Amino acid sequence: MTDRTDAEAVTETVSPPCAPEAVPQDLTEDGRATLAASLADAEERIRQLTAERDRFRSSFDACLAAIEAERQERRAAEAELERLRTPPLPSILINTMPKSGSVYIHKHLGQALGMPFSNLGNGYTLADQVQYWSAKSFIGASSIAQNHFEPSDINIQILDRLVGRWILHIRDPRQALLSWVHHLDLLKAENREDALLWVTPTPPPGYFELALTDKIGWNVVHYFPALVDWLRGWLKVYDRGRFNILLTTYDELITDEHRLFGRILDFHGIARQRFQFTPLPKDRGVHFRKGDPDEWRSVYTPSQIDACNALLPDHLLERFGWNR
C-alpha cells in the first residue's frame, strides 16, 4: 500500500502541467468586433498618454528655460551690483622722457589693471602735441596713455582742463641719450626709418654708417640740448605746484618698482588690491635695454661727458642724485 502510494506521488510530481486551452482560430463576428474595439481603445489610450507625456515634456522644458532665464537675470544683477560696488578706474596718462622705461610701466599698468591703451598725441619726439578730442574723451575711458608731450602752454592748458592729472616720468638725460642712440639703430634695423621723420633733427645721410662713438657725438650736439630743455621745462611746470602732477624717475623703476607702482595707484585713487603685480620681462618687447643708470660713463668719451655735464646744472643733478 505504501509503495503504491509513493509511486503515484512521484508520477504526479513529474507529470507536465496541463496545456492551456487553445485559442480559437475562428472568431465570430461579435468576437472580431469586440477585439477591434479593444484595439481601438488601446490605441486611443496610447495616443492620450503620448500627448500627456509631450505636455509634461514641454512643461518641463519650459520650466528649465524659465530657471535658466532667472539665473541669467541673477548673474546680470550680481554683475551690476559688483560694478556699482567697484567704481570704474580713472584714466592714467604718463608723460615721459624718451627711453626712460616708460613703455614697461605703461604696458605693466595696462596688463595688471586690465586697461586698454590710448594715444593722446601726434607722437613727435620731444614735440608731441596733445590732440584735443582725444584728450576730451580720454578722461572717462578708463584707459592708459603714454606720450612725450613738450611743456608748451597749449599742451599744459589742455592737460590741466581735460585730463586733470598726469605722471611726469624722467631719467638722467645722459643715460637716456645713450639708449636713444641704440633706439635709432633699432629703427634702422627694423626698416622703420619713416619714424625718424618724427624726430628733429632727423639723423643725416650716412649717420648709420658711423661708429657708435661718432653717433653719440652727433646726438650730444643735436639731440641732447633739446632733451635737457624738455626736462628743465617740465620741472619748471612741476615746481610751480599749480598742476596735479606726480613726478617719478627711472631710478625708482630700477630700485623698487613695487613702490613706484604703489605711488602711481595712490595718486590716481586706485585700490592697490586691484593691481595684479606680474612683472614683465625687461627686454626689447618693452623697449628695455639695460638697467645700469651709469652705463654712459664707460661709453662716452671724456669730451662727450664734459659737453653733457656743461648743460646740466649742479642743483639738477643733486636733486635726483645723478653724479657728474
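Residues numbered from 1 in each chain as written. Predicted model: local features only at pLDDT ≥ 70, side-chain atom pairs only at ≥ 80, totals over all residues. Heavy atoms only, no water.

Whenever I open this one, the overall build of the protein confuses me. Can you help?
When its secondary structure is counted, the protein shows 13 helices and five strands. Residue burial in the protein is summarised as follows: out of 324 residues, 38% are buried. Contacts in the protein between residues at least 24 apart in sequence constitute 75% of all its contacts with a sequence separation of at least 6. (Helix = DSSP H or I, 4+ residues; strand = E, 2+ residues; numbered from the N terminus. Buried < 20%, exposed > 50% of the residue type's maximum accessible area, 1.4 Å probe, protein only. Contact = heavy atoms within 4.5 Å.)

How do you make sense of the nonpolar core when you look at a structure like this?
The nonpolar side chains of a soluble globular protein tend to be buried, and buried together. If you look at the biggest cluster of nonpolar residues, it comprises 52 residues, and the most contacted ones within it are Leu 93, Leu 159, Ile 170, Trp 230, Leu 231, Trp 234 and Tyr 300. Of the residues forming this core, the biggest block, eight residues, is contributed by helix H8 (residues 224-239). The contact partners of Trp 230, leaving out residues within four places of it in the chain, are Asn 95, Thr 96, Met 97, Leu 126, His 148, Phe 149, Glu 150, Pro 151, Leu 168, His 169 and Ile 170. Membership of the second largest hydrophobic core comes to 20 residues, among which are Tyr 104, Ile 167, Leu 253 and Ile 264. (Core = buried A, V, L, I, M, F, W, Y, C linked by side-chain atoms within 4.5 Å.)

How do you make sense of the sheet that holds strand E4 (residues 165-170) when you look at a structure like this?
Across a sheet, paired strands are connected by hydrogen bonds in the backbone, their directions being either parallel or antiparallel. Spatially, the five strands line up as an open sheet ordered E2-E3-E1-E4-E5, and their pairing is parallel. Looking at which strands have only one partner, the edges of the open sheet turn out to be strand E2 (117-118) and strand E5 (244-249). Across four bridges, the pairing between strand E1 (residues 92-96) and strand E3 (residues 144-147) is parallel. Looking at the pairing, Ile 92 lines up with Ile 144 of E3. The strands that helix H3 (residues 102-113) touches are E1, E2, E3 and E4; relative to E3, the one it contacts most, it runs at about 175°. Against the sheet, helix H10 (residues 257-267) engages E4 and E5, with an angle of about 175° to E5. (Pairing = 2+ DSSP bridges. Axes fitted to C-alpha atoms, helices over the stretch in contact; angles between N-to-C directions.)

I'm lost on the pairing of E4 in this one. Help?
For a regular strand, the rule is simple: side chains alternate between the two faces of the sheet. Summarising burial for E4: five of the six residues are buried, a large majority. Relative to E4, E1 runs parallel, the two being bridged by three bridges. Bridging across to E4, Asn 95 finds its partner in Leu 168. Two strands pair when backbone bridges link them, and E4 and E5 are joined in this way by six bridges, in the parallel orientation. The residue of E5 that forms the bridge with His 169 is Thr 248.

I tried to follow H8 on my own but got confused; where do I start?
Given 3.6 residues per turn, any residue in an α-helix points the same way as the ones three and four places further on. Look at H8: 22 Å from first C-alpha to last across 16 residues, which is about the 22 Å you get at 1.5 Å a residue. Burial in H8 covers these residues: Phe 224, Leu 227, Val 228, Trp 230, Leu 231, Trp 234, Leu 235 and Val 237. Among the residues trailing H8, Gly 241 stands out with phi positive, at a value near 70°. (Expected span 1.5 Å × (residues − 1).)

Can you walk me through the packing of aromatic side chains in this structure?
A ring pair, where both rings are aromatic, is described by two values, the distance of the centres and the angle of the planes. Counted under the stated rule, the structure contains ten aromatic pairs. Geometrically, the ring pair formed by Tyr 124 and Trp 198 is edge-to-face, given 5.7 Å between the ring centres and 75° between the ring planes. On the criterion of sequence distance, the pair formed by Tyr 124 in the loop between E2 and helix H4 (132-138) and Trp 198 in the loop between helix H6 (173-189) and helix H7 (212-222) is long-range, its members being 74 residues apart. Accessibility expressed as a relative area gives 39% for Tyr 124, which makes it partly exposed. Taking the centre distance of 6.3 Å and the plane angle of 40° together, the rings of Trp 166 and Phe 243 count as tilted. Of this pair, Trp 166 sits in strand E4 while Phe 243 is found in the loop between H8 and E5, placing the two residues 77 residues apart along the sequence. Comparing Trp 166 with Phe 243, the two get one shared label, buried. Through a chain of ring-to-ring contacts, three or more aromatic side chains come together here, namely Trp 166, Trp 234 and Phe 243. If you follow Arg 171 out to its NZ or CZ, it ends over the ring of Tyr 250, 3.7 Å from the centre. (Phe/Tyr/Trp six-rings, centres within 6.5 Å; stacked < 30°, edge-to-face > 60°. Lys NZ or Arg CZ within 6 Å of the ring centre and 35° of its normal.)

In this structure, what is going on with a nonpolar patch on the surface? I would like to understand it.
Nonpolar side chains collect at one region of the surface, where Phe 60, Leu 64 and Ile 67 lie side by side and expose about 290 Å² of accessible area between them. Within the secondary structure, Leu 64 sits in helix H2 (residues 29-85). Among the residues examined, Leu 64 registers a relative accessible area of 44% and is labelled partly exposed. (Patch = residues over 30% accessible without salt bridge, like charges linked within 9 Å, V, L, I, M, F, W, Y side chains within 5 Å. Areas by Shrake-Rupley, 256 points an atom, 1.4 Å probe, with all protein chains shown as cover. Salt bridge = Lys/Arg side-chain N within 4 Å of Asp/Glu carboxyl O.)

Is there a simple way to think about the pattern of salt bridges in this case?
Pairing between side chains of opposite charge can happen when the charged atoms of each approach one another. Evaluation of the coordinates by the stated rule reveals 16 salt bridges. Of the charged contacts, one joins Glu 68 and Arg 75 as a salt bridge, the two residues approaching to 3.1 Å between their closest N and O atoms. Exposure remark for Glu 68: the relative accessible area of 32% places this residue in the partly exposed category. Accessibility expressed as a relative area gives 45% for Arg 75, which makes it partly exposed. In this structure, the salt-bridge partner of Arg 324 is Asp 314, at a minimum N-O distance of 2.5 Å. Of this pair, Arg 324 sits in the segment after helix H13 (314-320) while Asp 314 sits in helix H13, and the two are ten residues apart along the sequence. Accessibility expressed as a relative area gives 45% for Asp 314, which makes it partly exposed. In this structure, a network of salt bridges that share partners links the residues Glu 252, Arg 259 and Arg 263.

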